[in-house]
Amino acid sequence: MTEHEKSRQPLPHDVTGLRERVAELERERATLQESEALYRSLFDNAPLGLGIANRQGDLLAYNDAMLRPGGYTRADIERIRNVGKLYYVAEDRARALELAAAQGFLHRHPVRMRRKDGTPYEVLLDLVPVTVRGQPCYQAMVQDVTEQRRAEAALRASQERHRLVSKLASDYVYAVRFAEPPPAIEEGIDALLSYTGCAWEWVTEAFERVTGYTAPEVNPGGGWLRLIHDEDVLEYARIFAQRLTGHREVSEYRIVARSGDIRWLRDHCQPVWDAEHQRVTRWYGGVQDITERKRVEETLREANDTLHALFQASPLAIYTFDPEGLLRSWNAAAERTFGWTEVEIIGRPALMAPGPLAEHALELHARLMRGESFTGVEAQRVRKDGIPVEVSLSGAPLRDRGGAIAGCVLVALDVTERKRLEEQLRQAQKIEAIGRLAGGVAHDFNNLLTGITGYSDLLAEELPADGSSRELLAEIQKAADRAALLTGRLLAFTRKQVVAPHAIDVNAVLGDLGPLLRRLIGEDVELAFRLSPEPATIRADTSQLQQVIINLAVNARDAMPTGGRLLLQTERLDGDGTAEILLTVADTGEGMTEQVRAHLFEPFFTTKAVGKGTGLGLSTVYGIVRQLDGTIDVESVPGRGTTFRIRVPAEAQPPDPDPIAPAAESPRGSETILLAEDDPSVRALVLRVLRKHGYTVLEASDGDEAFQLASLHGDAIQLLLTDVIMPRVSGGELAQRWRARWPDGRILFMSGHADDAIVRHGVAVGAVAFLQKPFTTAQLARKVREVLDD
């Protein structure tokens, strides 16, 4: 299956939720982009020159209104770059920066600038300190006042009033005449508020439209000050005092209109200095209602703050590139995902894709710069600490006002954990599939083995004890035992083996296995035991524990082809209210690499040559240890051997006594038994064995036929012997019908299936009499007698 096909496979429920979250964030990102586009449009189309420059004078951003007065193009600015080259007089710039540094800002300060043709022109400069990407900068607002200065000169020369009005683009214009000197600022605000020594010379009708008051209602002195918003009175009073000394001041302040609305005004004032009396005798002014502009600026600030907050608060890593592939922005989630801080990575190429991964990153960047967008592209990147991280990438190009591609944005979702869970799911599905296969194989195979084992037992009873035929028959029986062991491995691997756990001493099991282990590992391998002085008691099935020990011993032998040492050690570990038995199996063999260890317990994984191993040995060990509620750890170094440590909860009860050896002859009886078995070979074998032991047997090929026989013979039947899984009517359903009619009737189940398949058919192993296939004739006879006598 290709990577594309894998990406289209159904995802777990929790990952679907993540996709929905990604879609929601994409919609939020679109809203943020719209806000940013609005901000950019307002910035670019503002009537006043706007720009941002760093403290060295390098322009970072500017609008066309900043270029027009000097006749520059954007290409000119990109070439000149530093604003210092645009000043006509260098001292003007030095003075402006000195004032900005001293005051923390610069407000409507006159400076002379140089046009493209080299001629000077005058502007009013506002400077506000800002921080851009961690770098101290100034935000500048520039107003070209060249024409205003020309108009003022013409006004002083002749007809000053009319020429001034024609030059002021204001909502209203006015002239104020001072009959007597106003109080100094040092005398306080109250003195200014009560000052009435000035009057309108004239004011345009727009005054009433802006303020809601007529000119006669408002004294230009204290009466006007009473309209100023409380928070702006002190600043206006300061500017008022400055104007009275002859300084030209452009001020912005709020008034409270007659309607109660708060309105922002921008007041351009030209004082007229009377040299004879050494004071200002009048001034001319023009006022703009900038309420809407202020509202837009505030909206832009809020939108920008919201955009920045969402950018930083996003749980997804978001970052942008310029056309050259250098990073321009980097949010907090990107720092968490990839490990680099914003300071470390802004202005640099993407460090998350070194080496071969860089080719994929460059390919995605090229697609974006061609105008393509994409979503859900899965890729691998590398964190700052070198750890790989799996991400799902979505990207889109960023365009400027003219529609040209100015960069791109990428959104990265960390899917490392999802990938890990998907791999675990695939592994679980693989194990589940193998488990279902093992259950089916076990049923059919165990039926065959039951026939082979049973008929071998019957044949052994008829052959002479010392004949060569008996030796051949013994080999058949050994082959059947090995086949049963293989089936048991499959079932143990899938954790579906029918077991009979009881209290056993691990030391005793190791002692019993000693002779067998020595034959298995060979004479060139030293076998050593280091057993705990007290019993190492656990609750387990003896055959399963033996299987664990034998599998580990065989693996150790294969790892020591030229000989070595195999140690089996037990130890009791007591903790706070808990106790464990530690079984250690250590060899001095070849050891294994980290890559091999990572797959050690996977089914069918083997490093042995073809035909030398099934890949089920250690997976079987793992399955059995899990059944015992234990853990298994592996320590291995290439060339220095391997150590397996198995921890199993200790059993408080003493070990069960050894089972009594079976009698030389199988027990007999004379009762009537109803046999239900769908496999003809097994049915014929069981029928023959039971009749040989004196029983009367009624045979049926399925549950339905068996119940019909039971209905005919009634109380004459002392035992129902039935297979669990049969067509039409299962053994579990047959048993329910049987008990409903004969509550005291005895039942013995038999099956070659794993226990979960048996439970699904209504039989709980451990709660009823059960005989696991394959079984010998002696086991069958003893179990039947045991159930009848119970």
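In short, a report on the structure. (Residues numbered from 1 in each chain as written. Predicted model: local features only at pLDDT ≥ 70, side-chain atom pairs only at ≥ 80, totals over all residues. Heavy atoms only, no water.)

Let's talk about the overall build of the protein chain
So, step 1. A count of helical and extended segments in the protein chain gives 26 helices and 27 strands.
So, step 2. Taking all 790 residues of the protein chain together, 44% fall into the buried category.
So, step 3. In the protein chain, once contacts between residues fewer than 6 apart in sequence are set aside, the share between residues at least 24 apart is 59%.
So, step 4. About 40,700 Å² of surface is accessible on the protein chain, with carbon and sulfur atoms providing 53% of the total. (Helix = DSSP H or I, 4+ residues; strand = E, 2+ residues; numbered from the N terminus. Buried < 20%, exposed > 50% of the residue type's maximum accessible area, 1.4 Å probe, protein only. Contact = heavy atoms within 4.5 Å. Areas by Shrake-Rupley, 256 points an atom, 1.4 Å probe, with all protein chains shown as cover.)

Points about the pairing of strand 22 (residues 642-649)
So, step 1. Sheet topology note: the strand 20 (residues 579-587)/strand 22 ladder contains 8 bridges and is antiparallel. Bridge pairing in strand 22 links L583 to I646.
So, step 2. Direction of pairing for strand 21 (residues 631-636) relative to strand 22: antiparallel, over a ladder of 6 bridges. In the strand pairing of strand 22, V634 is matched with F644.
So, step 3. The hairpin turn running from strand 21 into strand 22, its antiparallel successor, is 5 residues long, and G639 in that turn takes a positive phi close to 85°. (Pairing = 2+ DSSP bridges.)

A look at empty space enclosed by the protein
So, step 1. Evaluated as defined, the whole model comprises 5 cavities of 30 Å³ or more.
So, step 2. Looking at the largest cavity, its volume works out to about 380 Å³.
So, step 3. Lining the largest cavity are 26 residues, with V83, Y87, L125, A140 and V142 positioned closest to its centre.
So, step 4. Looking at the lining of the largest cavity, the elements that each hand over two or more residues are strand 1 (49-54), helix 3 (64-67), helix 5 (90-103), strand 3 (106-114), strand 4 (120-132) and strand 5 (135-144).
So, step 5. A class-by-class count of the residues in the lining of the largest cavity yields 21 nonpolar, 3 polar and 2 charged.
So, step 6. What the second largest cavity holds in volume is close to 130 Å³.
So, step 7. Looking at the second largest cavity, it is lined by 14 residues, and the ones nearest its centre are Y174, V176, W200, W224 and Y236. (1 Å grid on protein atoms, 1.4 Å probe; cavity = no way out; pocket = protein on both sides within 12 Å on 5 of 7 lines; lining within 4 Å. Points joined across faces, edges and corners; volume = space filled by probe spheres on them. Nonpolar A, V, L, I, M, F, W, Y, C, P; charged D, E, K, R; others polar.)

With respect to the packing of helix 23 (residues 703-713) against helix 24 (residues 731-741)
So, step 1. Contact geometry for helix 23 and helix 24: axes closest at 10 Å, N-to-C directions at 15°. With respect to their mutual orientation, helix 23 and helix 24 come out roughly parallel. Taken as a pair, helix 23 and helix 24 cross one another with a handedness that is right-handed. Facing G703, D704, A706, F707, A710 and S711 of helix 23, the residues of helix 24 in contact are L734, R737, W738 and R741. (Axes fitted to C-alpha atoms, helices over the stretch in contact; angles between N-to-C directions. Parallel < 35°, antiparallel > 145°, perpendicular 65-115°, else oblique. Left-handed = near helix turned anticlockwise from the far one by under 90°.)

Overview of a nonpolar patch on the surface
So, step 1. Together, L448, I452 and I476 give the surface a local cluster of nonpolar side chains, amounting to about 270 Å² of exposed area.
So, step 2. The residue L448 is located in helix 16 (residues 416-462) in this model.
So, step 3. Residue classification places L448 among the exposed positions, given a relative accessible area of 54%. (Patch = residues over 30% accessible without salt bridge, like charges linked within 9 Å, V, L, I, M, F, W, Y side chains within 5 Å. Salt bridge = Lys/Arg side-chain N within 4 Å of Asp/Glu carboxyl O.)

Details of unusual backbone geometry
So, step 1. Residue P774 follows K773 across a cis peptide bond; omega there is -5°.
So, step 2. Relative to the assigned elements, P774 resides in the loop between strand 27 (770-772) and helix 26 (777-789).
So, step 3. Phi angles above zero are rare outside glycine, and R133 is one such case at about 55°.
So, step 4. Within the secondary structure, R133 sits in the loop between strand 4 and strand 5.
So, step 5. If you check the backbone angles, D629 has positive phi at about 60° while not being a glycine.

Details of the sheet that holds strand 19 (residues 564-574)
So, step 1. One open sheet accounts for 5 strands, arranged 17-19-20-22-21; its pairing is mixed. Among the strands making up the open sheet, the edge pair consists of strand 17 (525-530) and strand 21. Mean inter-strand twist for the sheet, computed between neighbouring axes without regard to direction, equals 15°.
So, step 2. Across 9 bridges, strand 19 lies against strand 20 in antiparallel orientation. Pairing of D574 across the sheet is with A579, part of strand 20.

Things to note about the pattern of salt bridges
So, step 1. A complete count under the given rule lists 45 salt bridges for this structure.
So, step 2. Notably, a salt bridge pairs R295 with E292, separated by 2.5 Å at the nearest N-O pair. Remark: E292 and R295 occur in helix 12 (residues 291-313); sequence separation between them is 3 residues, near one turn of the helix.
So, step 3. Given a relative accessible area of 46%, E292 falls into the partly exposed group.
So, step 4. Here K384 and E344 are joined by a salt bridge, their closest N and O atoms 2.6 Å apart. Taken as a pair, K384 in the loop between strand 13 (374-382) and strand 14 (388-399) and E344 in helix 14 (residues 342-345) lie far apart in primary sequence, 40 residues in all.
So, step 5. Exposure remark for K384: the relative accessible area of 43% places this residue in the partly exposed category.
So, step 6. Linked through salt bridges whose partners overlap, the residues forming this network are R108, D126, E252, R266, R293, K294 and E297.

Things to note about the nonpolar core
The tendency in soluble globular proteins is for nonpolar side chains to be buried side by side.
So, step 1. By size, the foremost hydrophobic cluster in this structure holds 36 residues, and its most contacted members are I538, I549, L552, L566 and I646.
So, step 2. Not counting the four nearest positions on each side in its chain, L566 is found in contact with I521, V525, E526, L527, A528, A553, A556, M560, V585, A586 and D587.
So, step 3. Counting residues in each nonpolar core, the second largest holds 28 residues, with V176, W224, L227 and A237 among its members. (Core = buried A, V, L, I, M, F, W, Y, C linked by side-chain atoms within 4.5 Å.)

Digging into helix 5
So, step 1. Between its first and last C-alpha, helix 5 extends 20 Å over 14 residues, near the 20 Å set by a 1.5 Å rise per residue.
So, step 2. Within helix 5, the full set of buried residues consists of D92, A96, L99 and A100. Taken end-on, helix 5 shows its buried residues confined to a sector of 100°, consistent with a single buried face. For helix 5, the exposed residues lying more than 90 degrees away from the buried face are A90, E91, A101 and A102.
So, step 3. Where the residues of helix 5 are buried, they touch strand 3, strand 4 and strand 5.
So, step 4. Just past helix 5, the residue G104 takes up positive phi, approximately 90°. (Expected span 1.5 Å × (residues − 1). Arc of directions from axis to C-beta.)

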